[in-house]
Amino acid sequence: MTQTFTSTQNDVIRYLYNETSNQENSFIEEALLYDKELLEFYLDCADLKSGLDTIQLSPSDRAIEQIFNYSKNYQPKI
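Residues numbered from 1 in each chain as written. Predicted model: local features only at pLDDT ≥ 70, side-chain atom pairs only at ≥ 80, totals over all residues. Heavy atoms only, no water.

Things to note about the environment of glutamate 40
Thought 1: Among the secondary structure elements, glutamate 40 is positioned in helix H3 (residues 36–54).
Thought 2: On the basis of relative accessibility, which here comes to 41%, the residue glutamate 40 falls in the partly exposed class.
Thought 3: For the pair glutamate 40 and isoleucine 78, spaced 38 residues apart in the sequence, the C-alpha separation amounts to 61 Å. (Helix = DSSP H or I, 4+ residues; strand = E, 2+ residues; numbered from the N terminus. Buried < 20%, exposed > 50% of the residue type's maximum accessible area, 1.4 Å probe, protein only.)

Overview of the packing of aromatic side chains
Thought 1: Overall, the coordinates contain two aromatic pairs when judged by the stated rule.
Thought 2: Relative to tyrosine 74, the ring of tyrosine 70 lies with its centre 5.8 Å away and its plane at 40°, an arrangement referred to as tilted.
Thought 3: By relative accessible area, tyrosine 70 is classed as exposed at 57%.
Thought 4: On the basis of relative accessibility, which here comes to 48%, the residue tyrosine 74 falls in the partly exposed class.
Thought 5: The side chain of lysine 49 reaches across the aromatic face of tyrosine 17, ending 5.0 Å from its centre. (Phe/Tyr/Trp six-rings, centres within 6.5 Å; stacked < 30°, edge-to-face > 60°. Lys NZ or Arg CZ within 6 Å of the ring centre and 35° of its normal.)

A short note on the packing of helix H1 (residues 9–16) against H3
Thought 1: Where H1 contacts H3, the axes come no closer than 10 Å and their chain directions differ by 40°. Our classification of the angle between H1 and H3 gives oblique. Helix-helix and strand crossings are classified by hand; for H1 and H3 the assignment is right-handed. Note on element contacts: H3 touches H1 through Leu38, Phe41, Tyr42, Cys45, Ala46 and Lys49, opposite Gln9, Val12, Ile13, Tyr15 and Leu16.
Thought 2: Taken together, the residues of the contact of H1 with H3 sort by class into nine nonpolar, one polar and one charged. (Axes fitted to C-alpha atoms, helices over the stretch in contact; angles between N-to-C directions. Parallel < 35°, antiparallel > 145°, perpendicular 65-115°, else oblique. Left-handed = near helix turned anticlockwise from the far one by under 90°. Contact = heavy atoms within 4.5 Å. Nonpolar A, V, L, I, M, F, W, Y, C, P; charged D, E, K, R; others polar.)

Re a negative patch on the surface
Thought 1: A contiguous patch of negative charge on the surface is contributed by Asp35, Glu37, Glu40, Asp44 and Asp47.
Thought 2: Tracing the backbone shows glutamate 37 in helix H3.
Thought 3: Taking relative accessible area as the criterion, glutamate 37 reaches 65% and is therefore assigned exposed. (Patch = residues over 30% accessible without salt bridge, like charges linked within 9 Å, V, L, I, M, F, W, Y side chains within 5 Å. Areas by Shrake-Rupley, 256 points an atom, 1.4 Å probe, with all protein chains shown as cover. Salt bridge = Lys/Arg side-chain N within 4 Å of Asp/Glu carboxyl O. Lys, Arg positive; Asp, Glu negative; His and termini not counted. Charge placed at Lys NZ, Arg CZ, Asp CG, Glu CD.)

Structure, rendered in structure tokens:
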């Protein structure tokens, strides 16, 4: 059975994260050449992905201090 491939936004996102096969890549790349809306979606997603990749999450100093204080005063109930 031959699978019919339709480029969707989900496929573009999978493409951005390198989760597509070589054959899918070819179809998506061709679709991006001819579909202006899909290309705009791809560029927006690529920009968002780039921003997300630079985010560094870390707890605030206050949260760390509260954790340390709790652990210093912790007494297990036996």
